[in-house]
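The primary structure of each chain is shown beneath.
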Amino acid sequence: MDEKKVMLSGIQPSGDLHLGNYLGAIKNWAGRSEEFDCYYFMADMHTITVRQNPADLRRRTLEQLAQYIACGLDPEKNTLFIQSHVPAHAELGWVLNCYTMFGELSRMTQFKDKSAKHKDNINGGLFTYPALMAADILLYQPDFVPVGNDQKQHVELTRDVAERFNHIYGDVFKIPEPYIPKTGARIMSLSAPESKMSKSMPEGCVFLMEKPEDIQRKFKRAITDSDTENCVRYDPAAKPGVSNLMNIYSAVTGKSYEEIEQEFDGKGYGAFKPAVGDAVIETLRPIREEAQRILADKAYLETVYRAGAEKAGYIAGKTLRKVYKKIGFVAR
Ligand code: ATP
Ligand code: LTN
């Protein structure tokens, strides 16, 4: 029998999950478990590259797990785990640090952005973080890594590091592909459509657990373009605000841009914005309700993350042992 292909991804529990995380990443993780062997984790080790409040980090890690499950990731069919529960991530992370070049790390956009934002805490972890991310990925030998557009650069670095390692030691790592959706790969802020939707700009960001009336308020206030035509037309360069709303509407309804243009022909932004709000509210409603229900059952969540860490640890351990042997560490 053919082995299933492997899919893996993670999100940092550094803030509440938002529509960009959902449309760019999580939506593409669900419903894949027949075809792929799927691993999804809470990247808690990555969050401490920026200072975190410990109680908030603990709470958000469990909330994120509940939200993963509510987004359709059945723990019986997907391996869901907390990164810090599988020590092989830290262990392979160190090894790969030694095969990742200073110059490569210096070119990472996320490092440049985050070091500009947190000038008082430009720590070593923030800089070497892509080597840990490469370890997160390569431990599971995945074929695909479903992420939003902003993570493509890190997956490409992972491929370069894996190829470098394989070139020296033989075929140790499978070379993974980023898997980036056609719509939703880069959702922009509703209040500043030139920046990506991000939890650090809460006014333009729609959170998965947000109340419907708050979501609708954000859509009604969404920045549309200052052209005079008041016409729903896809043109990201000239009409970034409207095009972003069209991208969101397309991603949640499955309609093409032509269909959306026809639907709102002659209706203008006043009708379009609340329609996008309603479509998003209806997409998120079952997720919010299910996440709240799951989060109330802490014992269930514990069973899920323990079983996940056991399965993940078994697979990761196999890769780590192979790596240690190849580089010349004495077997334990
Ligand atoms: P920050 O708000 O600090 O920029 P983030 O919201 O981007 O963080 P991450 O943990 O960096 O959160 O991202 C998790 C996943 O969501 C990644 O796969 C990332 O590519 C995707 N993602 C994040 N923001 C967006 C967005 N605006 N549009 C599409 N995908 C996104
Ligand atoms: N770097 C990612 C989160 C992340 C990840 C990973 C994604 C950490 N390890 C492995 C895919 C695969 C981010 O900041 N969004």
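In what follows, the structure referred to is the one given above.
Below, the structure is looked at part by part. Every value quoted in this text rests on a predicted model; they were computed, and no experiment measured them. Starting afresh in each chain, residues are numbered from 1 along the sequence in its written order. Labels follow written order: the first chain is A, the first ligand is 1, and so on. A pLDDT threshold of at least 70 governs which residues receive local features in this predicted model, and a stricter bar of 80 or more applies before side-chain atom pairs are shown or counted, although totals over entire chains, interfaces and linings include all residues. By convention in this description, side-chain values take in all heavy atoms of the structure and omit both hydrogens and water.

## What about helix α13 (residues 298-327)?
Point 1. For α13, spanning 30 residues, the distance from its first C-alpha to its last is 41 Å, which sits close to the expected 44 Å at 1.5 Å a residue.
Point 2. Strands are runs of DSSP state E lasting at least 2 residues, helices are runs of H or I lasting at least 4, and numbering of each runs from the N terminus. Just past α13, the residue G328 takes up positive phi, approximately 100°. The span expected for a helix works out to 1.5 Å for each residue beyond the first.

## Quick look at the side chain of R60
Point 1. Counting through the fold element by element, R60 comes out in helix α3 (residues 54-70).
Point 2. R60 has contacts with P13, S14, G15, D16 and Q52, leaving out every residue within four places of it along the chain. It only takes one pair of heavy atoms within 4.5 Å for two residues to be counted as in contact.

## Regarding the pattern of salt bridges
Point 1. Salt bridge, as applied in this entry: a Lys or Arg side-chain nitrogen positioned within 4 Å of an Asp or Glu carboxyl oxygen. Counted according to the given criterion, the structure contains 17 salt bridges.
Point 2. Between K196 and D150 there is a salt bridge, with its nearest N and O atoms 3.1 Å apart. Placement of K196 in the loop between β5 (177-179) and α9 (212-220) and of D150 in the loop between β4 (144-146) and α8 (152-169) is noted, with a sequence separation of 46 residues between them.
Point 3. Put simply, D56, R59 and E63 are held in one network by salt bridges that share partners.

## Concerning the site of ligand 2
Point 1. In this text, near means that some heavy atom of the residue lies within 4 Å of the molecule or strand in question. In the region of ligand 2, 15 residues are neighbours, and Q12, Y129, M133, D136 and Q151 sit closest.
Point 2. We define a polar contact as two N or O atoms separated by no more than 3.5 Å, with the added condition that, inside protein, one atom must be a possible hydrogen donor and the other a possible acceptor, whereas residues neighbouring each other in sequence contribute only through side-chain atom pairs. Here an oxygen atom of ligand 2 and a side-chain polar atom of Q12 are 3.0 Å apart.
Point 3. Between ligand 2 and Q151 there is a distance of 3.1 Å, counted from a nitrogen atom to a side-chain nitrogen or oxygen.
Point 4. Counting only elements with at least two residues in the shell around ligand 2, the list comes to β1 (5-11) and α7 (124-138).
Point 5. Element by element, the count of residues in the shell around ligand 2 is highest for α7, at four residues.

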